[in-house]
Amino acid sequence: MKPAAFEYHRPTTVEEATALLADLGHDAELLAGNQSLGIIMANRLATPDHLVDLGQVDALSGVTVGHEAVEIGAMTTHRDLEFDDDLREAVEMVPESAEQIAGPSVRNRGTVGGSVAEADPAGNYPTAFVALDADLHLTSADEERTVPAREFFVAYMFTDLGPEELVTGVTIDREPFPVERTGTAFEELKRGAQTFPTVSAATALRVDDPEAEEPTIEEARVALANVADVPLHVPDAEDALEGGPLDDGVDAAAEAAIEAADPSPEMHADEEWKEELAGEYTRRSLRTAHERATR
Ligand SMILES: Cc1cc2nc3c(=O)[nH]c(=O)nc-3n(C[C@H](O)[C@H](O)[C@H](O)COP(=O)(O)OP(=O)(O)OC[C@H]3O[C@@H](n4cnc5c(N)ncnc54)[C@H](O)[C@@H]3O)c2cc1C
């Protein structure tokens with residue numbers, strides 16, 4: 001099937017894009033990397049009258065790794081993140097989540113903003129940004145606002161984004177995660193390169209002394225993908241880890257992940273197995289993050 005007819009718009013600035021959205025509202029759909037929307041439109045599950053292509057809005061692309069924060073523009077591609085060495089040094093989980101998305105053709109075109117707006121609970125960045133307590137920046141013709149990732153994903157593939165708003169970017173606060181004492185990791189199980197993960201776990205750990213034999217975990221972050229209607233933050237797992245060495249808390253953290261998970265069954269994975277995976281991938285991701293924090 002081919003997409004239904006639509007009118008194509010190609011703004012070059014955020015102001016032009018938001019003006020178009022203000023004018024067209026529910027009749028318009030934003031187009032980013034077209035790795036999800038194209039399939040949906042080809043199957044006529046979406047038939048917008050207008051497409052507003054963000055591909056020429058250069059201000060929305062790029063990564064800035066500052067001392068206090070990492071800023072990622074909405075039109076930054078998975079590939080851009082995957083190969084950004086400064087980003088990898090600052091917050092390894094993000095390029096690690098990018099490099100595990102599909103194959104190179106999807107990563108060359110797919111974008112951060114498209115992934116966040118699509119809000120698939122199995123999506124890699126939504127989970128990484130929830131784990132890192134990142135802020136998402138939204139703008140319309142009338143207003144700019146910032147929403148914590150932990151509040152943005154409201155229900156199954158449903159977000160706080162209004163019809164006249166677009167995602168402009170993401171900010172990750174670096175203050176809780178000094179490179180010398182921090183490790184982050186994104187571990188996932190998937191059936192094939194081109195499939196979304198069955199379950200993934202995004203974790204971050206800051207230790208008191210990376211040289212110590214059993215460093216104390218000062219701060220932990222844990223989020224899971226594809227085990228709930230939204231990317232799942234697991235504060236009980238974090239509580240189980242903070243204040244002691246990894247070995248004291250890792251099993252309790254895995255148990256907390258299993259407890260928090262409320263997965264839907266899929267053809268290849270029933271609820272019980274997904275819960276088990278939630279525990280196992282939390283454990284694996286924490287071990288990797290810990291190795292990185294202490295290397
Ligand atoms: C075979 C395959 C495997 C995949 N596997 C994975 C995977 O394992 N993990 C994973 O996370 N993802 C996966 N994806 C999805 C991939 O990451 C997509 O790139 C992404 O979800 C959509 O990004 P896009 O830039 O292509 O958005 P588009 O397809 O262009 O748009 C998607 C939706 O987002 C909206 N949108 C786009 N940009 C913005 C913006 N800035 N502000 C507001 N709304 C916006 C659009 O209007 C549209 O509704 C896979 C995709 C494919 C095709």
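Report on the accompanying structure. No experiment lies behind these values; they were computed from the predicted model shown. Sequence positions are assigned chain by chain, starting from 1 and proceeding in written order. Thresholds applied to this predicted model are a pLDDT of at least 70 for local features of residues and 80 or more for the giving and counting of side-chain atom pairs; totals over whole chains, interfaces and linings are not thresholded and use all residues. To get the side-chain values, all heavy atoms of the structure are used, and hydrogens and water are removed first.

On to the overall build of the chain, then. Helical segments are the DSSP runs of H or I of at least four residues, strand segments are the runs of E of at least two, and each set is numbered from the N terminus. When helices and strands are counted, the chain shows 12 helices and 14 strands. Atoms considered for the radius of gyration are the C-alpha atoms alone. The globule rule reads 2.2 Å times the number of residues to the power 0.38. Compactness check: the chain gives a C-alpha radius of gyration of 19 Å against a globular reference of 19 Å for 295 residues, within 12% of the reference. Seen through its C-alpha atoms, the chain measures out along the principal axes to roughly 60 × 45 × 30 Å. The cut-offs for exposure are 20% and 50% of the maximum accessible area for each residue type, with area from a 1.4 Å probe on protein chains only; residues under the lower value are buried, those over the upper are exposed, and the others partly exposed. Burial statistics for the chain: of 295 residues in total, 53% are counted as buried. For the chain, restricting intrachain contacts to residue pairs at least 6 apart in sequence, the fraction spanning at least 24 positions comes to 64%. Only the protein chains shown count as covering a residue, and every accessible area follows the Shrake-Rupley method with a 1.4 Å probe. Carbon together with sulfur atoms contributes 44% to the accessible area of the chain, which is approximately 13600 Å² in total. Taking the 21 positively charged and 62 negatively charged side chains of the chain as two groups, their mean positions are separated by 7 Å. Residues count as neighbours in contact if any of their non-hydrogen atoms are within 4.5 Å of one another. Charge counting treats Lys and Arg as positive and Asp and Glu as negative, with His and both chain ends excluded. Each charge is placed at NZ for Lys, CZ for Arg, CG for Asp and CD for Glu.

The next subject is a negative patch on the surface. A grouping of D229, D262, D270, E271, E272 and E276 is seen on the molecular surface, where their side chains present a negatively charged patch. Tracing the chain through its elements places D262 in the loop between α11 (246–260) and α12 (271–293). Exposure above 30% relative accessible area and the lack of any salt bridge qualify a residue for a patch; like charges then connect within 9 Å, and the nonpolar side chains Val, Leu, Ile, Met, Phe, Trp and Tyr within 5 Å. In the sections that follow, a salt bridge refers to a side-chain nitrogen of Lys or Arg positioned within 4 Å of a carboxyl oxygen of Asp or Glu.

Quick look at unusual backbone geometry now. Despite not being glycine, A119 shows a phi value in the positive range, around 60°. With respect to the helices, strands and loops of the structure, A119 is situated in the loop between α7 (112–118) and α8 (124–131). Judged by its relative accessible area of 2%, A119 is buried. Positive phi is not limited to glycine here, since N226 has a value of about 70°. Relative to the assigned elements, N226 resides in the loop between β13 (217–225) and β14 (232–233).

To continue, consider the site of the ligand. Any residue with at least one heavy atom within 4 Å of a molecule or strand is counted as near it. The environment of the ligand is made up of 32 residues, and the closest members are E29, L30, L37, T111 and E118. The definition of a polar contact used here is a pair of N or O atoms within 3.5 Å, where within protein one atom must be able to donate a hydrogen and the other to accept one, and adjacent residues in sequence count solely through side-chain atom pairs. Separating an oxygen atom of the ligand from a backbone N or O atom of N34 is a distance of 2.8 Å. For the ligand, the accessible surface in isolation is 970 Å², of which the surrounding protein chains cover 92%. Broken down by secondary-structure element, the contributors of at least two residues to the shell around the ligand are β2 (28–31), α7 and β10 (166–173). In terms of residues, the shell around the ligand owes the most to one element, α7, which gives five residues.

This model, assessed by the stated rule, comprises 18 salt bridges. Residue E165 pairs with R145 through a salt bridge whose shortest N-O separation is 2.6 Å. Of this pair, E165 sits in the loop between β9 (158–159) and β10 while R145 sits in strand β7 (residues 144–148), and the two are 20 residues apart along the sequence. Among the residues examined, E165 registers a relative accessible area of 9% and is labelled buried. You can call R145 partly exposed: its relative accessible area is 22%. Its salt-bridge partner being R206, residue E218 comes within 2.8 Å of it at the nearest N-O pair. Here R206 lies in strand β12 (residues 199–207) and E218 lies in strand β13, a separation of 12 residues in the sequence. Since its relative accessible area comes to 34%, E218 is described here as partly exposed. Through salt bridges that share partners, R181, R206, E218, E219 and R221 make up one connected network.

Working note: regular strand, side chains alternate between the two faces of the sheet. Burial within strand β5 (residues 69–73) is extensive, with four of its five residues counted as buried. Where strand β4 (residues 63–65) folds back onto β5 in an antiparallel hairpin, the turn is made up of three residues. Where β5 lies against β10, five bridges are found, and the strand directions are antiparallel. Paired with V70 across the strands is I172, a residue of β10. Paired strands, in this sense, are two strands between which DSSP finds at least two bridges.

All right, on to the pairing of β2 then. Pairing analysis gives four bridges linking β2 to strand β3 (residues 50–53), with the strands arranged parallel. When the sheet's bridge partners are listed, L31 is paired in β3 with D53. Regarding topology, helix α2 (residues 37–42) serves as the crossover connection from β2 to the parallel β3, and that connection is right-handed. Classification remark: right-handed applies to a crossover when, strands pointing away from the viewer, the course from the first strand over the helix to the second runs clockwise.

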